[in-house]
Amino acid sequence: MKGYLLKRIGYMLITLFIIVTATFFLMQLLPGTPFTNPEKLSAQQLAVLNAKYGLDQPVAMQYLHYLGNLVQGDLGYSFQHEGRTVTSMISTRIGPSAFIGLQALVIGAILGLVLGIISALKHNSIFDYGSVALAVIGMSIPSFVFAALLQYYIGVKLEWLPVALWEGYSSTLLPSIALSVTVTATVARFIRSEMLEVLGQDYVITARAKGMRENQVIVKHVIRNALIPVVTMLGPLAVSIMTGTLVIEKIFSVPGLGEQFTLSILVLDYSVIMGITIFYSALFIFVVFVVDIIYGFLDPRINFKGEAA
Amino acid sequence: MKNTVLKVEDLHVSFKTQTGNVTAVRGVNFELKKGETLAIVGESGSGKSVTAKSIMQLLPKSTTEISKGDIVYDGKSLLGLSSKQITDIRGSEISMVFQDPMTSLNPTMKVGKQIMEGLQRHQKMTKQQARERALEMLKLVGIPKAEMRLDNYPHQFSGGMRQRVVIALALACNPKVLIADEPTTALDVTIQAQILDLMKDLQQKTETAIILITHDLGVVANMADRVAVMYGGKIVEQGTLDEIFYNPQHPYTLGLMQSMPKMNEDRSKPLMPIGGSPPNLATLGEGCAFAARCPHTMKVCHSFTPRDTVVGEDNHTAACWLQDPRVQKPKAEPQETAEVVGVT
Ligand SMILES: Nc1ncnc2c1ncn2[C@@H]1O[C@H](COP(=O)(O)OP(=O)(O)O)[C@@H](O)[C@H]1O
Ligand code: SF4
Ligand SMILES: [Mg+2]
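The helix and strand inventory of chain B stands at eleven helices and twelve strands. Relative to a compact globule of 344 residues, whose C-alpha radius of gyration would be 20 Å, chain B shows 21 Å and is just as compact. Oriented by its inertia axes, the alpha-carbon framework of chain B measures out at about 70 × 50 × 45 Å. Looking at chain B residue by residue over its 344 residues, the buried ones come to 53%. When contacts within chain B are restricted to residue pairs at least 6 apart in sequence, those whose partners lie at least 24 apart make up 64%. Put simply, chain B shows about 16000 Å² of open surface, and 51% of that area lies on carbon and sulfur atoms. Within chain B, one finds 39 positive and 37 negative side-chain charges whose respective centroids are separated by 6 Å.

Below is the structure:
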């Protein structure tokens, strides 16, 4: 177990290193400069600015410098916001994003599980066909479309919930619901097919042959086994929520990390773009790691040498 | 005379499929007496598992229809029972062991718990009592270090050991009938013998009646008191072990016997299986299901279904037109034109 963990952490660091490197050099290829109206600056002013941000040094030096700072948790300074560190910008922005993201995950997971489980139990019924159709729609239509629809109907027409802005808990609902649609659809589809697979397994017949009541068979043998692989979906779901928030936050004016990210891209705030990219990547790698560990605990067939017995 | 525990009468089972109805079991009759072993043999697809599962009502409800016949356990018809009543009988009165021990245990539940579940359900045992009984069962089926093994998961056992666990699970509540559907087919030959010995040994201790489904005549010879030979959803011949082995009357049974390697035979010689393939159940109509492959087929075989006829001692019956007194027995030259009229 200990050896396995160390190995996994090693791989995580290597993956992160590759991502940082790739991001760094891709940023070099971006056109334009981070300074607004560079043509109005004198050569001397430019030189001062370049020196301040270390842009006068060779790329290799900049890279090593960046890595060195990163190891100490320093993502550098914003090019656009005088004197603000990227780390502080991320930490002030992460709260709202995390809140609407996690809330979407909870709503989506619960709805998805309920829908998917009922679908599988009523396989080939009207309910099943209906929820499969809904799931396909939910997965293929991007969340900003739902965001717009929700804003218009719930926010503008019915005036049940605030259309946008960040004023108290009620403001978090529409963005979370918009984000949760994809989650619901993905989870429902996944658990439905897992359930159908488990329902066809021999051990379910064994459980029935033991005389277990049908609802015990479903809860103790079918749902339990079907739920375990759902954990593996947390990774992909986290990604879908993270990317979803980029647009959703903009639409609902949520002062979150996603909105900061889009803003920074628009104004070519290199260090912030890189910082947030690296932050998202690290988060994702971490989620995958945690999922693997949880999975190992849930499924007794997995041992921590990392292979199925 | 020993008393009958289970009686299957004229059982007909059909399935709704996308291409229409398929009748997989078409008139099965047999009786099982206390403590005896009835072997059901037949090629794959002959309806053995469907017969077994319909006794336990384990077939998918939505697509299965038991269109005719009855299943009587301990004097009561099982077919009329509510689904709650049938779950009371499953696992406590009638138990089942399945073919593949690698898939018939829940992979994420400790084996001890899987045995305890049934005990807690049927015998209202406390957790502690159920655990003790489960331990006793594991010891009984010969699992070493049973105490420790209770808390193991199925993947920590070999195939043979898993089948022992499945047998422990099936016998935990002292059922009167154990249905074993090809319990050794998935196991190595040496392990097969051990599992069969175990079953025989436990049967002597518990007086459980066993329905043993198999396509291995060696297993039958080793285990059975009575034998039922199934073909195309019907029992075409049944009788005591001796009658079936030494006095087989149905051409299909004869074919099966001939395809079995003899002890003193050169085993490298290819088997002589019955030519042709099993009938398509979806299109099978009136007449003998074996007619397409039978070396003695007569006209009547194609148009009328032969009925069970007593052909030997101890209620030895076979369903074949050759047994009809009106048919001249084929001697040197089979009388292929024998006609029987007015039989349905
Ligand atoms: N649930 C089902 N739905 C439709 N057809 C089935 C079902 N179960 C079994 N059958 C069909 O019934 C026939 C007999 O099957 P089975 O009893 O499993 O044969 P075996 O003698 O090998 O155990 C086969 O043709 C099989 O395809
Ligand atoms: S009834 Fe006719 S076809 Fe069927 S086994 Fe007897 S002789 Fe052969
Ligand atoms: Mg079978």
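Moving on to the sheet that holds strand β2 (residues 20–33) of chain B. Residue and element names in this part refer to chain B. Read from one edge to the other, the open sheet built from four strands follows the order β2-β1-β4-β5, with strand pairing classed as antiparallel. This sheet does not close on itself; its edge strands, each paired only once, are β2 and β5 (76–77). Of the pairings in the sheet, the one linking strand β1 (residues 4–17) to β2 comprises eleven bridges and is antiparallel in character. Across the sheet, T17 pairs through a bridge with G20, a residue of β2. Each of β1, β2 and β4 (64–73) is contacted by helix α1 (residues 48–56), which is oriented at about 110 degrees to β1, the strand it contacts most.

Frequently, the measure chosen for interface size is the accessible area removed from exposure when the parts meet. If you look at the interface, chain B gives 27 residues, while chain A gives 20 residues. Regarding the contact of chain B and chain A, the summed buried area is about 2100 Å², with carbon and sulfur atoms giving 59% of it. Among the residues of chain B in contact with chain A, T108, E117 and H155 of chain B are the three that bury the most area, contributing 27% of the side total. Applying the counting criterion to the chain B and chain A interface returns two salt bridges. Taking the shortest distance from any N to any O, the salt bridge between K210 of chain A and E117 of chain B comes out at 2.7 Å. Scanning the region where chain B abuts chain A turns up 13 residue pairs in polar contact (both at pLDDT 80 or more).

This part covers unusual backbone geometry. Residues and elements named next belong to chain B. One non-glycine residue, E182, adopts positive backbone phi at about 45 degrees. For E182, a relative accessible area of 7% puts it in the buried group. Even without being glycine, N315 reaches a positive phi, approximately 60 degrees. Along the chain, N315 falls in the loop between β11 (308–312) and β12 (316–319).

All names here are of chain B. Near ligand 1 lie 13 residues; those nearest to it are G45, G47, K48, S49 and V50. With respect to ligand 1, the backbone of K48 contributes an N or O atom lying 2.9 Å from an oxygen atom. At 2.7 Å, a side-chain N or O of S49 approaches an oxygen atom of ligand 1. Where the shell around ligand 1 is concerned, the elements lending two or more residues are β1 and α1. Looking at the shell around ligand 1 element by element, the count peaks at three residues for α1. Class assignment of the residues belonging to the shell around ligand 1 gives a composition of five nonpolar, six polar and two charged.

All names here are of chain B. Domain parsing of chain B yields domain 1 (4–224) and domain 2 (234–341). The C-alpha-based centres of domain 1 and domain 2 are spaced at 29 Å. The interface of domain 1 with domain 2 comprises 19 residues on the first partner and 16 residues on the second. Of the roughly 1500 Å² buried between domain 1 and domain 2 on both sides combined, carbon and sulfur atoms contribute 60%. Considering only the side of domain 1, the residues that lose the most area to domain 2 are R26, E43 and L217, jointly responsible for 45% of the buried surface there. The interface formed by domain 1 and domain 2 holds one salt bridge in total. The shortest N-O distance in the salt bridge between E43 and R293 comes to 3.0 Å. Counting residues per element, the side of domain 1 that touches domain 2 draws most heavily on β2, which supplies nine residues. Of the residues that constitute the side of domain 1 that touches domain 2, the class distribution is eight nonpolar, nine polar and two charged.

Calculation notes
- Residues numbered from 1 in each chain as written.
- Chains lettered and ligands numbered in written order.
- Predicted model: local features only at pLDDT ≥ 70, side-chain atom pairs only at ≥ 80, totals over all residues.
- Heavy atoms only, no water.
- Helix = DSSP H or I, 4+ residues; strand = E, 2+ residues; numbered from the N terminus.
- Rg over C-alpha atoms; globule rule 2.2 N^0.38 Å.
- Buried < 20%, exposed > 50% of the residue type's maximum accessible area, 1.4 Å probe, protein only.
- Contact = heavy atoms within 4.5 Å.
- Areas by Shrake-Rupley, 256 points an atom, 1.4 Å probe, with all protein chains shown as cover.
- Lys, Arg positive; Asp, Glu negative; His and termini not counted.
- Charge placed at Lys NZ, Arg CZ, Asp CG, Glu CD.
- Pairing = 2+ DSSP bridges.
- Axes fitted to C-alpha atoms, helices over the stretch in contact; angles between N-to-C directions.
- Buried area = accessible area lost by both parts, 1.4 Å probe.
- Salt bridge = Lys/Arg side-chain N within 4 Å of Asp/Glu carboxyl O.
- Polar contact = N/O pair within 3.5 Å; in protein donor to acceptor, adjacent residues only side chain to side chain.
- Near = heavy atom within 4 Å.
- Nonpolar A, V, L, I, M, F, W, Y, C, P; charged D, E, K, R; others polar.
- Domains from an automatic or database assignment.

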